[in-house]
Amino acid sequence: MSRTRLHRFSRSDTSRAEAFSDGVLAIAVTLLALGLADPPHRPGGLGLALLVQWPSYLGYLASFGYVSVIWLNHHQAFVRIKVMDRGLHAANLLLLFTTAALSFPTAVVADALQADPEGADARVAVALYAGLAAAMCLSWVAFYHQLARRPEVLQPDVEESYVRHGRLRSWAGALAYGAAGLLGAFVAPVLAIAVFVILPVFYFATSEGLLKGPDGEPAAAESERQA
């Protein structure tokens, strides 16, 4: 009986990568929610204790928004991916590696800000968060780099601007999170938190491209068709 000879690392469909990725992202969100706890308090002091842990709420908002946008962009990417190769698997695992770690700096930021919103620990904490968030953006750069190197793994009808826009958004995020980390470390930690909350909104608003034409499609794609 003849057997099909496999290459050393054969390409495969996306089903297993998508299922594994969805599981990791779901666990990452769950870990964020576990950071919200009933604060220790004296009888009658629950209201004040809940207010005092406001950094936990902001950290959860920023990180949940970030993971949610990652899930959305990840889904949009895999709608366009036809098959997986080794490089794309590695880039996807790097993306999941950074995403799964997000609960750690979120908890560090919440504890440090709650202790002293302007203290040295709070400044280090926001720098830590910004560093990991920037690393997550750079993992997207690696992901899109693999798509650019191996365009044959993409569906044939993918927009020509898709990979270019993805790279641009990822670099913009890495620079923005880096700037937020510097802002929080040297000016005010709370300003960095504000940037952390706002940036996922940018990613959500640009999930279908950086600019929109009058028909709702990315403006770059429209201009390419007219050229």
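Note that the structure is predicted; figures quoted are calculated from it, not measured.

For the rest of this paragraph, the subject is the overall build of the protein chain. Check the secondary structure of the protein chain and you find nine helices and zero strands. Reading the protein chain from its N terminus to its C terminus gives the helix and strand order α-α-α-α-α-α-α-α-α. When burial is assessed residue by residue, the protein chain has 41% of its 227 residues classed as buried. Sequence-distant contacts in the protein chain: of pairs separated by 6 or more residues, those separated by 24 or more amount to 76%. Accessible area for the protein chain stands at about 12700 Å²; split by element, carbon and sulfur atoms hold 65% of it.

For helix α5 (residues 103–115), which comprises 13 residues, the first-to-last C-alpha distance of 19 Å matches the rise-based estimate of 18 Å (1.5 Å per residue) to within 8%. Taken together, the buried positions of α5 are occupied by P105, T106, V109, A110, A112 and L113. Looking at the buried residues of α5, the elements they touch are α1 (15–34), α3 (54–80), α6 (120–149) and α8 (189–205).

With that out of the way, let us pick up the packing of α5 against α6. Contact geometry of α5 with α6 gives a least axis separation of 8 Å together with a crossing angle of 160°. The angle between the axes of α5 and α6 places the two elements in the roughly antiparallel class. Viewed along their axes, α5 and α6 form a crossing whose handedness is left-handed. Facing F104, P105, T106, V108, V109, A112 and L113 of α5, the residues of α6 in contact are D121, A122, A125, V126, L128, Y129 and L132.

This part is about the packing of aromatic side chains. Taken as a whole and judged by the stated rule, the model has 10 aromatic pairs. Aromatic ring contacts, followed pair by pair, group F78, W140, F143, Y144 and Y162 into a single cluster.

Turning our eyes to something else, we now look at helix α4 (residues 86–100). Its 15 residues place the ends of α4 21 Å apart at the C-alpha level, agreeing with the 21 Å of an ideal helix rising 1.5 Å per residue. Listed as buried for α4 are L88, A91, N92, L95, L96, T98 and T99. Axial view of α4: buried residues confined to an arc of 165°, hence all on one face. Seen from the buried face of α4, the exposed residues on the opposite side, beyond 90 degrees, are R86 and F97.

Next up on the list: the pattern of salt bridges. In the structure shown here, the tally under the stated rule is two salt bridges. With a closest N to O distance of 2.7 Å, R80 and E159 form a salt bridge. Placement of R80 in helix α3 and of E159 in the loop between α6 and α7 (162–186) is noted, with a sequence separation of 79 residues between them. Relative accessible area serves as the criterion here: at 15%, R80 is assigned to the buried category. Notably, a salt bridge pairs R123 with E118, separated by 3.6 Å at the nearest N-O pair. Since its relative accessible area comes to 21%, R123 is described here as partly exposed. With relative accessibility at 42%, the residue E118 sits in the partly exposed group.

Before going further, it helps to examine the confidence of the model for the protein chain. Of all residues in the protein chain, 87% attain a pLDDT of 70 or more, and the chain-wide mean is 85. Mean pLDDT across the secondary structure elements of the protein chain bottoms out at helix α9 (residues 219–226), with 42, and peaks at α6, with 95. When the criterion is pLDDT under 50, residues 218–227 qualifies, and its contacts beyond four places in sequence or with other chains add up to 21 contacts.

Two numbers describe how α4 lies on α6: the axes approach to 9 Å, and their chain directions differ by 165°. Judged on the interaxial angle alone, α6 and α4 are roughly antiparallel. In terms of crossing hand, the pair formed by α4 and α6 is left-handed. Judged by residue contacts, G87, L88, A91, N92, L94, L95, T98 and T99 of α4 engage L132, A135, M136, S139, W140, A142, F143, Q146 and L147 from α6. Of the residues contributing to the contact of α4 with α6, the split by class is 11 nonpolar, six polar and no charged.

Parameters at a glance
Residues numbered from 1 in each chain as written. Predicted model: local features only at pLDDT ≥ 70, side-chain atom pairs only at ≥ 80, totals over all residues. Heavy atoms only, no water. Helix = DSSP H or I, 4+ residues; strand = E, 2+ residues; numbered from the N terminus. Buried < 20%, exposed > 50% of the residue type's maximum accessible area, 1.4 Å probe, protein only. Contact = heavy atoms within 4.5 Å. Areas by Shrake-Rupley, 256 points an atom, 1.4 Å probe, with all protein chains shown as cover. Expected span 1.5 Å × (residues − 1). Axes fitted to C-alpha atoms, helices over the stretch in contact; angles between N-to-C directions. Parallel < 35°, antiparallel > 145°, perpendicular 65-115°, else oblique. Left-handed = near helix turned anticlockwise from the far one by under 90°. Phe/Tyr/Trp six-rings, centres within 6.5 Å; stacked < 30°, edge-to-face > 60°. Arc of directions from axis to C-beta. Salt bridge = Lys/Arg side-chain N within 4 Å of Asp/Glu carboxyl O. pLDDT = per-residue confidence, 0-100. Nonpolar A, V, L, I, M, F, W, Y, C, P; charged D, E, K, R; others polar.

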